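# Structural overview
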Amino acid sequence: MTIFKEIVDEEFLTVSETKELLADIEAERALDEERELRYELARAIEHVNRFTVLDPEDAQALVDDLQELEKVDEPTAYKITNLLPQDRDELRSVYAQQRYTLSGEELDEILNVVSQYA
């Protein structure tokens, strides 16, 4: 017998926003002395603490600026914001599974937007 779970809602988050949410959960769990952090939760908190560069407001502003560009959809804007690519090769890896490739000018335009925040 297989149990299927239904996706009720889906929302994209930046690493910065995730860090805030996990910090709230960590603080809540710290109040209850008998309740320990599960391994997965502890690793997730460690990950966001290590890789968060921008504050949540700047991260959301970067997502909004990226979405104004022609070849950047919402999921890709969040990926770029989370990764903060520094050169064309890193940015190309974000677009590796897309059915189209970006020209050098389009890549540079995206990198210019990212460089304003990173």
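Residues numbered from 1 in each chain as written. Predicted model: local features only at pLDDT ≥ 70, side-chain atom pairs only at ≥ 80, totals over all residues. Heavy atoms only, no water.

For the coordinates displayed, the defined rule picks out 5 salt bridges. The residue Arg38 makes a salt bridge to Glu40 at a minimum N-O spacing of 3.7 Å. Of the charged contacts in the structure, one is a salt bridge between Glu46 and Arg43, with a shortest N-O distance of 3.4 Å. Linking Glu46 with Arg43, this pair stays in helix 2 (residues 39–51), spanning 3 residues, or about one helical turn. Each of Arg43, Glu46 and Arg50 takes part in a single network of salt bridges with overlapping partners. (Salt bridge = Lys/Arg side-chain N within 4 Å of Asp/Glu carboxyl O. Helix = DSSP H or I, 4+ residues; strand = E, 2+ residues; numbered from the N terminus.)

Moving on, we get to helix 6 (residues 104–117). Across its 14 residues, helix 6 extends 21 Å between first and last C-alpha, which sits within 8% of the 20 Å expected from 1.5 Å per residue. Of the residues making up helix 6, those classed as buried are Leu107, Ile110, Leu111, Val113 and Val114. The buried residues of helix 6 occupy one face: seen down the axis, they fall within an arc of 155°. Across helix 6 from its buried face, at more than 90 degrees, point the exposed residues Glu105 and Gln116. Of the surrounding secondary structure, the elements contacted by the buried residues of helix 6 are helix 3 (56–67), helix 4 (74–83) and helix 5 (88–94). (Expected span 1.5 Å × (residues − 1). Buried < 20%, exposed > 50% of the residue type's maximum accessible area, 1.4 Å probe, protein only. Arc of directions from axis to C-beta. Contact = heavy atoms within 4.5 Å.)

According to the stated counting rule, one finds 2 aromatic pairs in the structure shown. Both rings, one in Tyr95 and one in Tyr100, keep their centres 6.2 Å apart while their planes meet at 55°; by these two values the pair is tilted. Here the guanidinium or amino end of Lys71 rests over the ring plane of Tyr100, the centre of that ring lying 4.7 Å away. (Phe/Tyr/Trp six-rings, centres within 6.5 Å; stacked < 30°, edge-to-face > 60°. Lys NZ or Arg CZ within 6 Å of the ring centre and 35° of its normal.)

As a further point, take the confidence of the model for the protein chain. Looking at the protein chain, the pLDDT average stands at 91 and 99% of residues meet or exceed 70. The element-level mean pLDDT for the protein chain is lowest in helix 1 (residues 15–31), coming to 90, with helix 3 highest at 96. (pLDDT = per-residue confidence, 0-100.)

A surface patch of negative charge is lined by Glu20, Asp24, Glu28, Asp55, Glu57 and Asp58. The set of elements that each furnish at least two residues to the negative patch consists of helix 1 and helix 3. Broken down by element, the negative patch gets its largest block of residues, 3 residues, from helix 1. By secondary structure assignment, the location of Asp24 is in helix 1. (Patch = residues over 30% accessible without salt bridge, like charges linked within 9 Å, V, L, I, M, F, W, Y side chains within 5 Å. Areas by Shrake-Rupley, 256 points an atom, 1.4 Å probe, with all protein chains shown as cover. Lys, Arg positive; Asp, Glu negative; His and termini not counted. Charge placed at Lys NZ, Arg CZ, Asp CG, Glu CD.)

What follows concerns the side chain of Ser16. One can find Ser16 in helix 1. The contact partners of Ser16, leaving out residues within four places of it in the chain, are Thr52, Leu54, Asp55, Pro56 and Ala59.

With that settled, consider the nonpolar core. The biggest cluster of nonpolar side chains holds 20 residues, and the ones touching the most others in it are Leu66, Val72, Ile80, Leu91, Tyr95 and Ile110. Counting residues per element, the ones that place at least two in this core are helix 3, helix 4, helix 5 and helix 6. Top element by residues in this core is helix 6. It accounts for 5 residues. Sequence-distant contacts of Tyr95, that is, excluding residues within four places in its chain, are made with Lys71, Val72, Thr76, Ile80, Tyr100, Leu102 and Ile110. With 5 residues, the next largest nonpolar core counts Val15, Leu22, Ile45 and Val48 among its residues. (Core = buried A, V, L, I, M, F, W, Y, C linked by side-chain atoms within 4.5 Å.)

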